[in-house]
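Report on the structure
Listed here are the chains, written in short residue letters.
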Amino acid sequence: MPNVDLWVFSAPVEAMGQINSILAEFGVSGSFYGQPLEVNTVQLRIQAELTDDLIPQLVSSLAKTKATFELNSFADYSERYLHHPSLGVCRNEFDQAGEVVVRVGQLEQLLLESRGNLSDFSRGFRRLTGVPWLDLIEPYRKVAEYAIALPRAV
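Just so you know, these numbers come straight off a predicted model, no measurement behind them.

Parameters at a glance
- Residues numbered from 1 in each chain as written.
- Predicted model: local features only at pLDDT ≥ 70, side-chain atom pairs only at ≥ 80, totals over all residues.
- Heavy atoms only, no water.
- Pairing = 2+ DSSP bridges.
- Helix = DSSP H or I, 4+ residues; strand = E, 2+ residues; numbered from the N terminus.
- Contact = heavy atoms within 4.5 Å.
- Axes fitted to C-alpha atoms, helices over the stretch in contact; angles between N-to-C directions.
- Salt bridge = Lys/Arg side-chain N within 4 Å of Asp/Glu carboxyl O.
- Buried < 20%, exposed > 50% of the residue type's maximum accessible area, 1.4 Å probe, protein only.
- 1 Å grid on protein atoms, 1.4 Å probe; cavity = no way out; pocket = protein on both sides within 12 Å on 5 of 7 lines; lining within 4 Å.
- Points joined across faces, edges and corners; volume = space filled by probe spheres on them.
- pLDDT = per-residue confidence, 0-100.
- Polar contact = N/O pair within 3.5 Å; in protein donor to acceptor, adjacent residues only side chain to side chain.

Taken in spatial order, the six strands make up an open sheet running 2-3-1-4-5-6, and their pairing is antiparallel. Both outer strands of the open sheet, strand 2 (33–34) and strand 6 (88–94), are each paired with one neighbouring strand and no more. Summarising the sheet, strand 2 and strand 3 (residues 41–49) pair through two bridges and their orientation is antiparallel. Across the sheet, the residue bridging to tyrosine 33 is glutamine 43, located in strand 3. Of the strands in this sheet, strand 1 (3–12) and strand 3 touch helix 1 (residues 16–25), which is tilted by about 5 degrees from strand 3.

Opposite charge on two side chains allows them to pair when their charged atoms are near. Tallied over the entire structure, the rule returns nine salt bridges. Of the charged contacts in the structure, one is a salt bridge between arginine 127 and glutamate 113, with a shortest N-O distance of 3.6 Å. Linking arginine 127 in helix 4 (residues 118–128) with glutamate 113 in helix 3 (residues 104–114), this pair joins segments that are 14 residues apart in sequence. Close ionic contact of arginine 123 with aspartate 120 constitutes a salt bridge, the shortest N to O distance being 2.6 Å. Within this pair, arginine 123 and its partner aspartate 120 are both found in helix 4, separated by three residues, close to a single helical turn. A relative accessible area of 51% places arginine 123 in the exposed class. By sharing partners, the salt bridges in this structure join Glu79, Arg91, Glu93 and Arg103 into a single network.

This paragraph deals with empty space enclosed by the protein. Considering all chains together, one arrives at one cavity of 30 Å³ or more under this definition. The volume enclosed by the largest cavity comes to roughly 40 Å³. Every residue lining the largest cavity is listed: Val4, Leu6, Leu23, Val28, Ile46, Ala48, Leu50, Leu58 and Leu71.

Overall, the prediction assigns the chain a mean pLDDT of 86, with 92% of residues at 70 or greater. Looking at the elements of the chain, mean pLDDT is at its lowest for helix 5 (residues 131–153), recorded as 72, and at its highest for strand 5 (residues 78–84), recorded as 93.

Its place among the elements puts histidine 84 in strand 5. A polar contact is formed between the side chain of histidine 84 and the side chain of serine 86, at a distance of 2.8 Å. For histidine 84, the contacting residues outside a window of four places in its chain are Thr68, Trp133 and Leu136.

This brings us to the pairing of strand 3. As paired strands, strand 1 and strand 3 are joined by eight bridges and run antiparallel to one another. Each residue of the ladder has a partner; that of alanine 11, found in strand 3, is valine 42. Counted between consecutive antiparallel strands, the loop separating strand 2 from strand 3 contains six residues, among which asparagine 40 sits at a positive phi close to 60 degrees.

What follows is the structure, given as structure tokens:
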């Protein structure tokens with residue numbers, strides 16, 4: 001059974017009850033705390049064990065709440081789901097070295113779509129590897145690191 005690390009970076013305060021209900025369906029619970037980057041939003045981080053078939057269902061249910069989140073699953077093969085309300089869900093698999101796995105069929109499709117245009121290929125490759133999602137999520141990670149270091153600096 002894979003270990004799952006779920007970090008809801010930002011969710012509207014109004015969605016807390018809905019998110020708690022979703023998590024309860026999967027036998028998971030957690031405590032929300034304030035999100036310092038956005039007004040009237042909260043965040044949550046939990047770790048749990050879920051079966052492989054439940055993870056996509058959890059991601060789909062959470063995506064409907066308009067929350068920004070990252071779910072990492074660690075098992076025989078690792079995978080990451082990123083969700084941002086403006087981009088939707090991005091799923092990446094990782095190899096043993098922690099690199100994103102891009103399949104030959106995905107590259108072939110990208111080559112056909114870009115028609116030899118290097119700029120279009122580069123943009124498509126960034127999309128395949130989840131870079132646009134990571135760009136939007138990174139500020140949430142940085143503020144969390146800052147908030148943890150702040151008490152030590154004072």
